[in-house]
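Chains, contacts and geometry: an overview
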Amino acid sequence: MSFKAIGEKCEGYLVPIEDIQILFNIRRVYYVYNTPKDIARGFHAHKELEQILICINGSVVINCEDVEGRKEQYILNNPALGLYIGRMIWHTMEQFSDGAILLVLASDLYNEEDYIRDYVEFKNRCNRGE
Ligand code: T46
């Protein structure tokens, strides 16, 4: 999804994100930063959580796999772009650039019970149609 960046090159930009653009009520915001280039993060899916990932500085590559096994790779390199990740999407984040800051808008509070961190369990749940 793309957000409207207000401003001009000479003065900088401002991106408002209003609830009308978001598919869920935001209950949590967190951000990931200072991740070295050679580190990959994620390696999980969420049973229920929905999120929007926005790289507000630098760039990061996001790999997603859905319940049908379809794989997509996205490059987040524009602070006016958001990537929606719904429930049951296996995802990893890699190739963080210098200074990359990944902002995440989440539909619920942190709950470790909502994570599937084992890929085999993820595939088994997909096969069972969960
Ligand atoms: C996701 C991707 C995009 C908390 O205590 N509270 C929180 O709100 C979060 C998000 C994490 N944590 C703890 C749990 C772990 O002990 O912080 C530690 C690192 O979490 P994790 O290894 O899950 O971080 P990432 O970068 O692999 O994944 C994070 C989110 O956890 C996850 O929901 O979808 O970013």
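All figures in this text were calculated on a predicted structure; none of them were measured in a lab.

**Some words on the packing of aromatic side chains**
Within the structure shown, the criterion is met by 5 aromatic pairs. Seen from their ring centres, W90 and F122 are 5.5 Å apart, and the 40° between their planes marks the pair as tilted. Here the residue W90 occupies a position in strand β9 (residues 90-94), and F122 occupies one in helix α1 (residues 119-127), the gap between them amounting to 32 residues. Classification of W90 by relative accessible area gives buried; the value is 9%. Residue class for F122 comes out buried when judged on its relative accessible area of 0%. An aromatic cluster is present here, built from W90, Y119 and F122 joined pairwise through their rings.

Rules and cut-offs
Residues numbered from 1 in each chain as written. Predicted model: local features only at pLDDT ≥ 70, side-chain atom pairs only at ≥ 80, totals over all residues. Heavy atoms only, no water. Phe/Tyr/Trp six-rings, centres within 6.5 Å; stacked < 30°, edge-to-face > 60°. Helix = DSSP H or I, 4+ residues; strand = E, 2+ residues; numbered from the N terminus. Buried < 20%, exposed > 50% of the residue type's maximum accessible area, 1.4 Å probe, protein only.

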